[in-house]
Amino acid sequence: MRILVTGGTGYIGATAVDILLSQGYEISILDDCSTGHADTVPAGVNFIQGSLLRAGDLAQALVGVDAVIHFAGKSLVGESVEKPELYQEVNVQGSRNLLNQMHMSGVTKLVFSSSAATYGEPEHVPILESAATNPTNPYGATKLAIDHMITAEAASRQIAAASLRYFNVAGALKSKRGWLAERHYPETHLIPNVLRSTKENPVKIFGSDWPTADGTCVRDYVHVVDLIDAHIKALESLRPGVHEIYNLGSGDGYSVRAVVAAASKAAGFDIPTVDSPRRAGDPAVLIADINKAKTKLNWAPTRGIDVMVADTLASFS
Ligand code: UDP
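Residues numbered from 1 in each chain as written. Predicted model: local features only at pLDDT ≥ 70, side-chain atom pairs only at ≥ 80, totals over all residues. Heavy atoms only, no water.

**So, the pattern of salt bridges**
Between side chains of opposite charge, pairing is possible as soon as their charged atoms come close. Evaluated as defined, the whole model comprises 16 salt bridges. Of the charged contacts, one joins Asp 39 and Arg 183 as a salt bridge, the two residues approaching to 2.8 Å between their closest N and O atoms. Of this pair, Asp 39 sits in the loop between strand E2 (26-31) and strand E3 (46-49) while Arg 183 sits in the loop between strand E9 (178-180) and helix H6 (190-195), and the two are 144 residues apart along the sequence. Among the ionic pairs, Asp 275 bridges to Arg 257, the shortest N-O distance being 3.4 Å. Taken as a pair, Asp 275 in strand E15 (residues 273-276) and Arg 257 in helix H8 (residues 256-267) lie far apart in primary sequence, 18 residues in all. Three or more residues joined by partner-sharing salt bridges are found here, namely Arg 239, Glu 244, Lys 292 and Lys 296. (Salt bridge = Lys/Arg side-chain N within 4 Å of Asp/Glu carboxyl O. Helix = DSSP H or I, 4+ residues; strand = E, 2+ residues; numbered from the N terminus.)

Here it is, written out as structure tokens:
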């Protein structure tokens, strides 16, 4: 079975490529390397360095493909508040182009990287897939627009699809070629920033006046290897004409200060921090209800926050 992995040179996509190859899948990658890294591409992979915004690149990437795992896209909440049109173009138009080209190429299976950002500020936590979707930032709005597009595509063209709504992905994978880990410039994600914190340049805590137990935002962290495991299970369970939505998290919440404490334990010293203003677009608490993925996909995360922090730390050396 050949899978097209869009965004296959990014943090999550490259991890997926490595795990899929190890399980015997054949891989094609479409990635413009705008945020990914071509040096992650393993030998034997059909790599098209191209864009979702160019039909020719998409057509080339879909040759001989049985299913698509669609990771490619812009994924930063803060950036999306500053550049909403960029998110609209790359995420929404790019995904529209992908669906059109899949139809023309006769590819009918799709697993999509959606996001907990589709829910916005939740009325209830943990969040169910049936919860209201009121994104608080343009990033979440684009992911929701794509989810709706895929639902329509399943109804009208009978594609078999799953949207996986990620909560906070963390950790790293030690592959034969070295660590596959977050390499964002600048890095905006909490765990790598905490682990790189120094006295001179301490990690900023974005808001300490949130309505949470310790005043900092609460998020649900899931290890990237567990996350990819769920993608493979979702892929193998696709049904024509059906678009399933699954939350992927751990089902537990950690405040920013709790993450700093876990990282301090792994590092062996107290990591310096500085209280800073809230970041635009952040909801206070996001915790997944993961029972649907557990029961329907027979999936369960097995790596906790300590493993995520330890793997990220190990990937730096
Ligand atoms: N955060 C923080 N300092 C940082 C990076 C993130 O306090 O340097 C907070 C952020 O406000 C959010 C949580 O940590 O509450 C997780 O943020 P991240 O950017 O890792 O993921 P997101 O929740 O935006 O997907």
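**Here we look at the sheet that holds strand E13 (residues 243-248)**
Across the sheet, 7 strands lie side by side as E3-E2-E1-E4-E5-E6-E13; this open sheet has parallel pairing. Taken across any chain shown, the strands that pair with only one partner, and hence form the sheet edges, are E3 and E13. Within this sheet the neighbouring strands show an average axis-to-axis angle of 15°, counted without direction. Note that strand E4 (residues 67-70) and strand E5 (residues 109-115) share 3 bridges and pair parallel. Within the sheet, the bridge partner assigned to Val 68 lies in E5 and is Leu 110. Running over the sheet, helix H1 (residues 11-22) touches strand E1 (2-6), E2, E4 and strand E6 (160-166) and is turned about 165° from E2. (Pairing = 2+ DSSP bridges. Axes fitted to C-alpha atoms, helices over the stretch in contact; angles between N-to-C directions. Contact = heavy atoms within 4.5 Å.)

**Re the site of the ligand**
If you check the shell around the ligand, you find 15 residues, and the closest are Leu 190, Lys 204, Phe 206, Arg 279 and Asp 282. Arg 279 places a polar side-chain atom, nitrogen or oxygen, 2.7 Å from an oxygen atom of the ligand. Isolated, the ligand exposes 510 Å² of accessible area, and the fraction of that covered by the protein chains is 90%. Put simply, the parts of the chain that give the shell around the ligand at least two residues each are H6 and strand E10 (203-206). For the shell around the ligand, the leading source of residues is E10, giving 4 residues. Among the residues forming the shell around the ligand, the class breakdown is 7 nonpolar, 4 polar and 4 charged. (Near = heavy atom within 4 Å. Polar contact = N/O pair within 3.5 Å; in protein donor to acceptor, adjacent residues only side chain to side chain. Areas by Shrake-Rupley, 256 points an atom, 1.4 Å probe, with all protein chains shown as cover. Nonpolar A, V, L, I, M, F, W, Y, C, P; charged D, E, K, R; others polar.)

**Regarding the environment of Glu 153**
Position of Glu 153 relative to the elements: it lies in helix H5 (residues 138-157). Since its relative accessible area comes to 4%, Glu 153 is described here as buried. For the pair Glu 153 and Asn 100, spaced 53 residues apart in sequence, the C-alpha to C-alpha distance is 9.5 Å. Sequence-distant contacts of Glu 153, defined by excluding residues within four places in its chain, comprise Arg 96, Leu 99, Gln 158 and Ile 159. In this structure the side chain of Glu 153 is engaged in a polar contact, spanning 3.1 Å, whose partner is the side chain of Arg 96. (Buried < 20%, exposed > 50% of the residue type's maximum accessible area, 1.4 Å probe, protein only.)

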